[in-house]
Amino acid sequence: MDNSLIYTIAEIGQAHEGSLGMLFSFIEALAETGVSAVKFQMHIPEAESSEHEPFRVKFSLEDNTRYDYWKRMSFTLDQWKMIKQKCDESGVVFLCSPFSNQAVDWLEEIGVTQYKIGSGEVNNLLMLEKIAQTGKPVILSSGMSSFAELDETVAFLRGKKSPFSILQCTTSYPTAPEQYGFNVIQELKERYGVKVGYSDHSANIATNIAAVAVGAEIIEFHAVFDRRQFGPDSKSSLTIDEIKELVHYVNNIKIALDHPVDKNRNETFKELKHIFEKSLAVNKDLPQGHQLSFADLEAKKPKGYGIDAALFSTVIGKKLRKPLKKWSFLNEEDLGHE
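Definitions and cut-offs
Residues numbered from 1 in each chain as written. Predicted model: local features only at pLDDT ≥ 70, side-chain atom pairs only at ≥ 80, totals over all residues. Heavy atoms only, no water. Helix = DSSP H or I, 4+ residues; strand = E, 2+ residues; numbered from the N terminus. Expected span 1.5 Å × (residues − 1). Buried < 20%, exposed > 50% of the residue type's maximum accessible area, 1.4 Å probe, protein only. Contact = heavy atoms within 4.5 Å. Polar contact = N/O pair within 3.5 Å; in protein donor to acceptor, adjacent residues only side chain to side chain. Core = buried A, V, L, I, M, F, W, Y, C linked by side-chain atoms within 4.5 Å.

This part takes up unusual backbone geometry. In this model, Lys301 is joined to Pro302 through a cis peptide bond whose omega is 0°. One non-glycine residue, Lys161, lies in the positive phi region at around 60°. Along the chain, Lys161 turns up in the loop between helix 7 (147-159) and strand 6 (164-169). Despite not being glycine, Trp327 has its phi angle at roughly 75°, a positive value. Topologically, Trp327 is positioned in the segment after strand 11 (297-300).

Spanning 12 residues, helix 1 (residues 20-31) covers 17 Å between terminal C-alpha atoms, matching the ideal 16 Å at 1.5 Å per step. Turning to helix 1, its buried residues are Leu20, Leu23, Phe24, Phe26, Ile27, Ala29 and Leu30. On the buried face of helix 1, the contacting elements are strand 1 (7-11), strand 2 (37-42), helix 4 (77-90), strand 8 (218-224) and helix 10 (240-258). Two or three places before Gly21, at the start of helix 1, stands the capping residue Ser19, its side-chain oxygen 3.4 Å from that residue's backbone nitrogen.

With 68 residues, the main nonpolar core has Phe40, Trp80, Ile83 and Phe94 as its most contacted residues. At 7 residues, the largest contribution of residues to this core is made by helix 1. If we skip the residues at most four places from it in the chain, Trp80 touches Phe40, Gln41, Met42, Phe75, Phe94, Cys96, Trp106 and Ile110. If you look at the next biggest cluster of nonpolar residues, it comprises 11 residues, including Leu280, Val282, Leu292 and Leu335.

This is the structure in structure tokens:
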């Protein structure tokens, strides 16, 4: 992971609608946005589900059960190897969330380098045990977990010496502003002392930009070509064009955060200060011997042609040694004693 950049994860999820061709199109398009990783969900129906699993929300027009949906949306092991190869060729990290121990076996055979754990799997210690045995790093989404539940999972992973990071996440699609939970980003950092990120479902690039500004080092978001396309996550996703903008903005913010400005050092502005700052001048014709008042003074650019405008109070009450024309700069040699 390049620490000079924000680790940006674009999740395709189920937006491919079971089409390998559509999925490849997503990989190609996302690679051009500059994202760090493209994330998938590996569903092996017979290993993770059954015909008894109901739809939480019945959205599918062609599947009678959730199990039927997973069957239609799944790929074979050979197809997953093709997907991993496509990511490698496109220059993006292949990242995947397993939902069964068999999926972990497949991902190991494919050659995955890290694991993403979905919100619903944080307490699946059986699968986490399987992943911990690989020694590979884990990214946890905390969407449906309390701190007590996270404490248990973190203790489990630490006991296995399994490296991990955590994403603040709210399991709501799309997420409303009052649900973002930006405060949790810092709370997670302080509680666990690990790299913390933000998993977004707001369909708004500003949410991700703000998350980075308050400390997120990883951001994850769903990707679609158009929010009007069919799918359970479309309304809570970012479009390809939005993602390209987002990657640019968050990496600029990361650069800014990595380069704090010292307001006590302004040597680089010396030339500009000379141009923009001002010198004292008089705003009317004044005779020799005139005693200067506030009403006689103006400030004019550039600096250095008269007494600094900031020192105006030091000239009030002093008398002119010679007459001055309107708009003339005022210098020490023009002044006598008050």
